[in-house]
Amino acid sequence: PIHDHTDQGKAFAYISRLLTDTSRVSAIASVSTSRFQVPDTPGLAAGTSPDGSPWLPGSFDSAKLDENQREQNAYGVVALQKSAGAWNGQASVFGRSSAVHFVPDPVGDLYFNGVASDVDRRLSSAGLQADGSYALSGPHTLRAGAFLLAESVVADTATRVVPVNAGGEPTGAPFTIADATKLHGGFGGVYAQDEWRLGSRVTVNFGARFDVFRSGFDDEDQLSPRLNLIYQPTATTTLHGGYARYFTPPPVENVSAGTVREFAGTSIAAPSSRDDPVRAERANYFDAGISQKLGAGWQLGLDGYAKQARNQLDDGLFGQTLILSAFNYARGQVHGVEFSTSYSRGGFSAFANLADSIAKGRDWTSAQFLFDPADLAYVQQHWIYLDHDQQITGSGGAAYLWRHGSGSTRFYGDALYGTGLRTDATAPDGSNIPNGGNVAAHLIFDLGLEESFALGGGHTLKLRFDGVNLADKIYELRDGSGVGVNAAQYGRRRGFFGTASYSF
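Residues numbered from 1 in each chain as written. Predicted model: local features only at pLDDT ≥ 70, side-chain atom pairs only at ≥ 80, totals over all residues. Heavy atoms only, no water.

Trainee: What exactly am I supposed to notice about a nonpolar patch on the surface here?
Mentor: A contiguous nonpolar surface patch, about 620 Å² in accessible area, is contributed by Leu-229, Tyr-231, Leu-239, Ile-290, Leu-302, Val-337, Phe-339 and Leu-354. Contributions of two or more residues to the nonpolar patch are made by β9 (219-234) and β13 (324-345). Assignment of secondary structure puts Tyr-231 in strand β9. (Patch = residues over 30% accessible without salt bridge, like charges linked within 9 Å, V, L, I, M, F, W, Y side chains within 5 Å. Areas by Shrake-Rupley, 256 points an atom, 1.4 Å probe, with all protein chains shown as cover. Salt bridge = Lys/Arg side-chain N within 4 Å of Asp/Glu carboxyl O. Helix = DSSP H or I, 4+ residues; strand = E, 2+ residues; numbered from the N terminus.)

Here it is as structure tokens:
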């Protein structure tokens, strides 16, 4: 890839201390900072106006574009756990900050795309969570908890555009539109449930939670019941089934209709000014399955699920920047089945998984300015696949552990298969079908080796070597088309990794 250098630094820390035999305090913290060059594609034709003239005079080599993005993330959590007889509880406080800054090529981006957007977005949040359980004398265990989160977003953009007339033809010199936005949101929830053991073979979990979301663009709440049943007719067979109602709030990052109107009459004017606010997703979820043990070490599992949603949430990359924007489908349907099996005997172990899933949505009901009018009209009348839908996904692998005098050696390998994520397709009449096709399927193989040395005194040294995508299969995750997909993306190439760990 051209112009594809990255610098990434990451740190993580976990500290835990026992205060008494029944209480513990823990702290988790992480920070990361990354700088990315956005890869270039050579040989691109410059963007043109309807009369065929380029946005800017002269020429510009697309292989020399200089787009960059910087991302910074940090979070911290402090939690206190306490056990007292039949009662167990945990309380935690947490905070996080996240920043992303996209820096365009001020001349090249304007020449090829008619826009050069400098976007600086910063999010900060803080909250608390408390959970507890109490085992009553008898078959009941009660659980309850509460969650509270406050978020704020500051977004500053400086977008350089070209003025155009009603026909889309340039009418003047480029100029900059500046926009500064501050957004706030709050989310809170409480829940209570009862685990009821009806003899040794049946367990019922039932309860409800109540959630509230408040922001400058959306105020919603919902009471969500839950019911799940586990039945063990024999010592080797377990059946389960359940229902849950879900409430998923939208992200606080929201583009207002006023911001959309600011770009009217420019080279990046939205196809329409309609910008209904993003709403919370409300979904009914059903699940049922069976787990079966077949002899020593062999286990099979089969699970089916179905989800029906209103205001199905989704997000994607629209326009020039690599920053996600959220939107809703009026309705969503997700259903599938998953099969799993595992076997273990002596030093040998193996596993296999196969999943068949379909995820669809219909009618975009928020942030409509993001979409082409023809696609918007199509989705109003048709179900389409969600962009993250991959119908068939499979994985499998095996490992062998050989123990010897100084420690052990583990050999392992695995494979990953997928039929491909969604991409646009062309109908027989030449019109576009959003997410109507998929990229090519892929099959990837990995191998690894781990050597463990017992050094005495409870000390252990482990050396591990991994080779991923050994055949160096080049495969696309995205091809640059599809809903919310603005660039091609590729899976991992062949790579080799070494790891050393020491326990004391």
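Trainee: Is there a simple way to think about unusual backbone geometry in this case?
Mentor: Phi is mostly negative for residues that are not glycine, and the peptide bonds are mostly trans. The backbone of His-3 sits at a positive phi, close to 60°, despite the residue not being glycine. The topology assignment puts His-3 in the segment before β1 (6-20). What makes His-3 buried here is its relative accessible area of 17%. Positive phi values are uncommon outside glycine, yet Asn-435 reaches one of about 55°. (Buried < 20%, exposed > 50% of the residue type's maximum accessible area, 1.4 Å probe, protein only.)

Trainee: Sorry if this is basic, but what is going on with the pairing of strand β7 (residues 175-198) here?
Mentor: On any regular strand, side chains alternate: one points to one face of the sheet, the next to the other face. As paired strands, strand β6 (residues 140-161) and β7 are joined by 22 bridges and run antiparallel to one another. Within β7, the position partnered with Ala-150 by the bridge is Gly-186. Here β7 folds back onto strand β8 (residues 202-215) in antiparallel fashion, the turn holding 3 residues, of which Gly-199 has a positive phi close to 80°. (Pairing = 2+ DSSP bridges.)

Trainee: Can you walk me through the pattern of salt bridges in this structure?
Mentor: Opposite charge on two side chains permits them to pair, given that their charged atoms come into close proximity. Following the criterion strictly, the structure yields 18 salt bridges and no others. One salt bridge connects Arg-122 with Asp-120, and the closest N-O pair in it is separated by 2.9 Å. In this structure Arg-122 comes out as partly exposed when scored by relative accessible area, which is 32%. A residue is classified by how much of its surface remains accessible, and Asp-120, at 21% relative accessible area, is partly exposed. Put simply, Asp-156 and Arg-122 hold a salt bridge, and the shortest N to O gap is 3.2 Å. Note that Asp-156 is positioned in strand β6 and Arg-122 in strand β5 (residues 115-135), a separation of 34 residues in sequence. Connected via shared salt-bridge partners are Asp-218, Glu-220, Arg-279 and Arg-282.

Trainee: Please explain the nonpolar core as it appears in this structure.
Mentor: The nonpolar side chains of soluble globular proteins are, as a tendency, buried together. Grouped together as the largest cluster of nonpolar side chains are 17 residues, with contacts concentrated most on Phe-327, Tyr-329, Trp-364, Leu-370, Phe-371, Ile-384 and Val-483. For this core, the secondary structure elements donating two or more residues are β13, β14 (348-364) and α3 (373-381). At 3 residues, the largest contribution of residues to this core is made by β13. (Core = buried A, V, L, I, M, F, W, Y, C linked by side-chain atoms within 4.5 Å.)

Trainee: Any chance you could explain the side chain of Ser-452 here in plain terms?
Mentor: Within the element layout of this structure, Ser-452 appears in strand β20 (residues 442-456). Residue Ser-452 is classed as buried on the basis of its relative accessible area of 11%.

Trainee: Would you mind going over the environment of Lys-82 with me for this structure?
Mentor: Residue placement: Lys-82 occurs in strand β3 (residues 68-84). Separated by 57 residues in sequence, Lys-82 and Val-25 place their C-alpha atoms 8.9 Å apart. Ignoring sequence-local partners within four residues, the contact set of Lys-82 consists of Thr-20, Thr-22, Ser-23, Trp-87, Asn-88 and Gly-89. At a separation of 3.1 Å, a polar atom in the side chain of Lys-82 contacts the side chain of Thr-22. (Contact = heavy atoms within 4.5 Å. Polar contact = N/O pair within 3.5 Å; in protein donor to acceptor, adjacent residues only side chain to side chain.)

Trainee: Quick question: what am I supposed to make of the packing of aromatic side chains here?
Mentor: For any two aromatic rings, the description comes down to two numbers: the centre-to-centre distance and the angle of the planes. Applying the stated rule across the entire model yields 17 aromatic pairs. Aromatic side chains Phe-94 and Phe-147 sit 5.9 Å apart centroid to centroid with 15° between the ring planes, which places their arrangement in the stacked category. With a gap of 53 residues between them, Phe-94 in strand β4 (residues 87-103) and Phe-147 in strand β6 connect regions that are remote in the sequence. Relative to Phe-371, the ring of Phe-327 has its centre 5.1 Å away and its plane inclined at 80°; by these criteria the two rings are edge-to-face. Of this pair, Phe-327 sits in strand β13 while Phe-371 sits in the loop between β14 and α3, and the two are 44 residues apart along the sequence. Summarising the burial analysis for this pair, Phe-327 and Phe-371 share the class buried. (Phe/Tyr/Trp six-rings, centres within 6.5 Å; stacked < 30°, edge-to-face > 60°.)

Note that all results are geometric; they support no functional claim without further evidence.
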